[in-house]
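Fold and geometry: a report
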Amino acid sequence: ATTACSPDFGFHHMTVRISAEKCKELDLSSIRIFFSGAEPVSSLVVSGFINKFSPYGLKRNVIFPAYGLAESSVAVTVPENNRKLFYWSFDRLQLSLGKAIPVCKNTIFIKDTEKECTLLDNGIPVKGCAVRIGERENPECLLNENMVGKIQIKGCNVTNGYIHNPVKNKDL
């Protein structure tokens, strides 16, 4: 196999459930792309997975954290090919809806404390999909760059309703 994918919980499951004894049988050197799709992708889970399986041939640049959700046929954003993971460190107390995000730093250290959190860069929108950030109370009012708000997606990969549920679709 050269390409595989899993939701975030799958990476966590493999990290905690595959024994060190079983790992000795692995050769992961052929993997070129390993998509991790979730809302959100955990930097702690991804770094733990890489640290556990890199001794068995898993290259550190094969994980592709993708922002995704079922309503968009899974992928909304994906990283560009052959690039290393980018982790961003934030002051947790500053991440509030409608607020500007203070300058954050690219980091190689994963932090998840009461005051600081680390998030993964999830790349750019997939072809045919647009992403924008709006206010929570007034979604049509778009926020400036580097502001926290409601993620809005539009594109050919997004569903236009719920199957066999006209009552719910009426509310859309």
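Everything discussed here concerns the structure shown above.
Notes on the structure in this doc start here. Everything numeric in this text was worked out from a predicted model, so none of it was measured.

Moving on, we come to the layout of surface pockets. Looking at the largest pocket, its volume works out to about 1,300 Å³. If you go around the largest pocket, you meet 34 residues; those closest to its centre are Ile101, Leu119, Leu120, Ile133 and Ile151. Broken down by element, the residue count for the lining of the largest pocket peaks at three residues, all from strand 9 (residues 129-134).

Right, let's get into the packing of aromatic side chains. One pass over the full model with this rule turns up five aromatic pairs. With a centroid separation of 4.9 Å and an interplanar angle of 55 degrees, the aromatic rings of Phe11 and Phe34 are classed as tilted. Of the two residues, Phe11 sits in helix 1 (residues 8-17) while Phe34 sits in strand 2 (residues 33-38), which places them 23 residues apart along the sequence. Overall, the relative accessible area of 1% leaves Phe11 in the buried class. Its relative accessible area of 8% is what places Phe34 among the buried residues. An angle of 45 degrees between the planes, with centres 4.8 Å apart, marks the rings of Phe49 and Phe53 as tilted. Pair noted here: Phe49 and Phe53 are both in helix 3 (residues 43-53), with a separation of four residues, about one helical turn. With relative accessibility at 2%, the residue Phe49 sits in the buried group. Accessibility expressed as a relative area gives 2% for Phe53, which makes it buried.

A few words on the sheet that holds strand 8 (residues 124-125). Spatially, five strands are ordered 1-2-3-4-8 in an open sheet, and the strand pairing comes out mixed. What marks the edges here is a single partner per strand, and that holds for strand 1 (3-7) and strand 8. Along the sheet face, helix 1 touches strand 1, strand 2 and strand 3 (63-69) and points at about 100 degrees away from the line of strand 1.

Quick look at the pattern of salt bridges now. A pair can form between side chains of opposite charge whenever their charged atoms are brought close. Considering all chains together, one arrives at four salt bridges under this definition. A salt bridge links Lys22 to Glu25; the nearest nitrogen and oxygen atoms lie 4.0 Å apart. In this structure Lys22 comes out as partly exposed when scored by relative accessible area, which is 49%. What makes Glu25 exposed here is its relative accessible area of 61%. Of the charged contacts in the structure, one is a salt bridge between Arg92 and Asp112, with a shortest N-O distance of 2.3 Å. Residue Arg92 is located in the loop between strand 5 (87-91) and strand 6 (105-107), and its partner Asp112 is located in the loop between strand 6 and strand 7 (116-120); the two are separated by 20 residues in the primary sequence.

Turning our attention to helix 1. Within the span of helix 1, buried status applies to Asp8, Gly10, Phe11 and Thr15. Down the axis of helix 1, the smallest arc covering the buried residues is 165 degrees, so these residues share one side. Projecting away from the buried face of helix 1 at angles above 90 degrees are the exposed residues Phe9, Val16 and Arg17. Close packing links the buried residues of helix 1 with strand 1, strand 2, helix 3 and strand 3.

What follows concerns unusual backbone geometry. Backbone torsion omega between Glu39 and Pro40 reads 0 degrees, so that peptide bond is classified as cis. Relative to the elements of secondary structure, Pro40 occurs in the loop between strand 2 and helix 3. For Asn146, which is not a glycine, the phi torsion comes out positive at approximately 65 degrees. Tracing the backbone through its elements, the reader meets Asn146 in the loop between strand 9 and strand 10 (150-155).

Conventions used here
- Residues numbered from 1 in each chain as written.
- Predicted model: local features only at pLDDT ≥ 70, side-chain atom pairs only at ≥ 80, totals over all residues.
- Heavy atoms only, no water.
- 1 Å grid on protein atoms, 1.4 Å probe; cavity = no way out; pocket = protein on both sides within 12 Å on 5 of 7 lines; lining within 4 Å.
- Points joined across faces, edges and corners; volume = space filled by probe spheres on them.
- Helix = DSSP H or I, 4+ residues; strand = E, 2+ residues; numbered from the N terminus.
- Phe/Tyr/Trp six-rings, centres within 6.5 Å; stacked < 30°, edge-to-face > 60°.
- Buried < 20%, exposed > 50% of the residue type's maximum accessible area, 1.4 Å probe, protein only.
- Pairing = 2+ DSSP bridges.
- Contact = heavy atoms within 4.5 Å.
- Axes fitted to C-alpha atoms, helices over the stretch in contact; angles between N-to-C directions.
- Salt bridge = Lys/Arg side-chain N within 4 Å of Asp/Glu carboxyl O.
- Arc of directions from axis to C-beta.

Everything listed is a geometric property; what it means functionally is a separate question.
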